[in-house]
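Geometric and topological summary
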Amino acid sequence: MQKRENSLLKKNGPIGIFDSGIGGLTVAKAITDLLPNESIIYFGDTKHLPYGEKSDVAIKHYAHKICHFLISQGCKCIVVACNTAATAAYESLAADELINVPIVDVVNPLVDEVIKLGFTEVGIIATRATIRSDRYREKLLSKNSKINVKQMATPLLVPMIEEGFYQNNISKEIIQKYLAHSSFKDVETLLLACTHYPLIKDEIQAILGNQIKVLDSTLVAALRLKEVLKKNNIEQANKNSSKHKFLVSDLTDSFKRTAAHFYRNEIDLEWNDIWKG
Ligand code: DGL
């Protein structure tokens, strides 16, 4: 969260949430469940996904443009729901003068949770770009230099989940293959550092057993957002007035179908290509 000009912030404004696509709806769901009075504008950059396979330069470019769009829509706060975008661009978004509202991401709250729970043997699974950034390890070590981090890119999991392959034998086999990697043998916690992985959290927990605490960012990010809204005195005071918009930069039937899996409710995705023109 960066210092922002409170006078410009409007309690009634929506919260802008963005992701590379529809996976960030897992974070949006945690937010709308925890903060039912708040309105959200969700933006999924489906035209450019997967961010996990993109360069940092491209991801930063997308992230700034989306945040500027969300600001233009009157958002009072921004949530970077995408782990890949947060690891590549959070610092640069926080330094962007045009983004004059608080920014919450999914990385810092999860790092703080690990520190709070006192874990020192930490495993991380995420997209290629998130692992390449090394951001989780750097942030964890900056808070506790005794932490050992074992991290692995698990690029098959995003398409697997998007195709609806979870809680079945195929997903079990793929997850088992990844987690059998010897580096995860001694971890105390495994961080699911990707928007999509909450959908396979139970499967992962079952495979790892109860000795290893499986953590994801959804609730901790929503709780951090709640704190930030309170601290900036921009919580929505009106009850029963929340309105949600779910925008995507490219709209296909498959995105429409899959969105409900991530949000756990039927939603209407609207096409809004902020890149054209
Ligand atoms: N939203 C991305 C993340 O959390 C996963 C999908 C993608 O690679 O775009 O890292």
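The model shown is predicted, which means the values in this text are computed figures rather than measured ones. (Residues numbered from 1 in each chain as written. Predicted model: local features only at pLDDT ≥ 70, side-chain atom pairs only at ≥ 80, totals over all residues. Heavy atoms only, no water.)

**What to know about the pattern of salt bridges**
Pairing between side chains becomes possible if they bear opposite charge and their charged atoms approach one another. What counts is decided by this rule: The term salt bridge refers to a side-chain nitrogen of Lys or Arg lying within 4 Å of a carboxyl oxygen of Asp or Glu. For helices the rule is a DSSP run of H or I covering at least 4 residues; for strands it is a run of E covering at least 2, with both sets numbered from the N terminus onward. Only protein chains enter the accessibility calculation, which uses a 1.4 Å probe; a residue is then buried when its area is under 20% of its type maximum, exposed when over 50%, and partly exposed in between.
What the rule picks out here adds up to 15 salt bridges. Lys116 is paired through a salt bridge with Glu113; the nearest N and O atoms lie 3.5 Å apart. Highlighted residues: Lys116 and Glu113, both in helix H4 (residues 107-117), separated by 3 residues, approximately one helical turn. Judged by its relative accessible area of 65%, Lys116 falls in the exposed class.

**Overview of empty space enclosed by the protein**
Spelled out, the test is: Residues are called lining when one of their atoms sits within 4 Å of a cavity or pocket point, these points coming from a 1 Å grid over the protein atoms alone, where a cavity is a set in which a 1.4 Å probe fits but cannot get out and a pocket is an open set with protein on both sides within 12 Å along at least five of seven lines. Grid points are joined across faces, edges and corners, and a volume is the space filled by probe spheres set on the points.
For the coordinates displayed, the defined rule picks out 1 cavity of 30 Å³ or more. Taken as a whole, the largest cavity holds about 30 Å³ of empty space. Considering the residues around the largest cavity, the lining is formed by Val27, Asn83, Leu192, Cys194, Thr195, Pro198, Asp216, Ser217 and Thr218.

**A word on the confidence of the model for the protein**
Which entries qualify depends on this criterion: Think of pLDDT as the predictor's per-residue confidence, scored from 0 to 100. Only heavy atoms enter the contact rule, under which two residues are in contact if any of them lie within 4.5 Å.
When pLDDT is averaged across the protein, the result is 94; 96% of the residues are at 70 or more. Low pLDDT, under 50, characterises residues 1-5; the stretch is placed with 16 contacts to residues that sit more than four places away or in other chains.

**Focus on the side chain of Thr130**
This is how the line gets drawn: Definition of a polar contact: a pair of N or O atoms within 3.5 Å, with one able to donate and the other able to accept a hydrogen when the atoms are protein atoms, and with sequence-neighbouring residues admitted only if both atoms are side-chain atoms.
Examined against the element boundaries, Thr130 turns out to sit in helix H5 (residues 128-133). Within the local environment of Thr130, its side chain forms a polar contact with the side chain of Thr84, the two groups lying 3.2 Å apart. Not counting the four nearest positions on each side in its chain, Thr130 is found in contact with Asn83, Thr84, Thr87, Arg135, Tyr136 and Ala193.

**Considering the layout of surface pockets**
In this structure, the largest pocket spans a volume of roughly 410 Å³. Residue lining of the largest pocket: 28 residues in total, with Leu49, Val158, Pro159, Glu162 and His196 positioned closest to the centre. Those elements that place two or more of their residues in the lining of the largest pocket are helix H3 (83-94), helix H7 (157-162) and helix H11 (253-263). Considering each element in turn, the lining of the largest pocket owes the most residues, 5 residues, to H11.

**Remarks on the site of the ligand**
Short version of the rule: Think of it this way: one heavy atom of a residue within 4 Å of a molecule or strand is enough to make that residue near it. Using a 1.4 Å probe, the Shrake-Rupley method yields the accessible areas, and only the shown protein chains count as cover for residues. Those molecules having more than half of their atoms within 2 Å of a cavity or pocket grid point set are described as sitting in that cavity or pocket.
Around the ligand, the neighbouring residues are Asp19, Ser20, Pro50, Tyr51, Gly52, Cys82, Asn83, Thr84, Thr127, Cys194, Thr195 and His196. In the model, an oxygen atom of the ligand is placed 2.7 Å from a nitrogen or oxygen of the Tyr51 main chain. Between the ligand and Asn83, the relevant distance is 3.1 Å, taken from an oxygen atom to a main-chain nitrogen or oxygen of the residue. Against a free-state accessible area of 290 Å², the protein chains account for coverage of 98% of the ligand. When atoms are counted within 2 Å of each cavity's grid points, the one that captures over half of the ligand is the largest pocket.

**Topic: the sheet that holds strand S1 (residues 15-19)**
Under the convention used in this document: One requirement defines pairing of two strands: DSSP has to find at least two bridges between them. The angle between two axes is taken between their N-to-C directions and runs from 0 to 180 degrees, where each axis is a line fitted to C-alpha atoms and a helix contributes only its stretch in contact.
Ordered in space as S4-S3-S1-S2-S9-S10, the 6 strands form an open sheet in which the pairing is parallel. In the strand order of this sheet, the two ends are held by strand S4 (103-105) and strand S10 (269-271), each with one partner. The sheet shows a mean angle of 25° between the axes of neighbouring strands, taken without regard to direction. Seen against the sheet, helix H2 (residues 56-72) touches S1, strand S2 (40-44), strand S3 (77-80) and strand S9 (244-248) and runs at an angle of roughly 155° to S1. Along the sheet face, helix H10 (residues 218-231) touches S1, S3 and S4 and points at about 165° away from the line of S4.

**Details of the pairing of S1**
On a regular strand, each side chain points to the face opposite its neighbour's, so the side chains alternate between the two faces of the sheet. Taken across its 5 residues, S1 has 5 buried, putting it largely inside the fold. Burial along S1 is two-sided: Ile15, Ile17 and Asp19 and Gly16 and Phe18, pointing in opposite directions, are all buried. The pairing of S1 with S2 spans 5 bridges and is classified as parallel. When the sheet's bridge partners are listed, Ile17 is paired in S2 with Tyr42. Pairing of S1 with S3, which is carried by 4 bridges, proceeds in the parallel orientation. The partner of Ile17 across the bridge, within S3, is Val79.

**Details of the nonpolar core**
The tendency in soluble globular proteins is for nonpolar side chains to be buried side by side. The condition that has to hold: In plain words, nonpolar cores are sets of buried Ala, Val, Leu, Ile, Met, Phe, Trp, Tyr and Cys residues tied together by side-chain atoms within 4.5 Å.
With 98 residues, the main nonpolar core has Phe18, Leu25 and Ile204 as its most contacted residues. Ranked by residues supplied to this core, first place goes to H2 with 8 residues. Ignoring sequence-local partners within four residues, the contact set of Ile204 consists of Ile125, Ile175, Leu179, Leu190, Leu192 and Val214.

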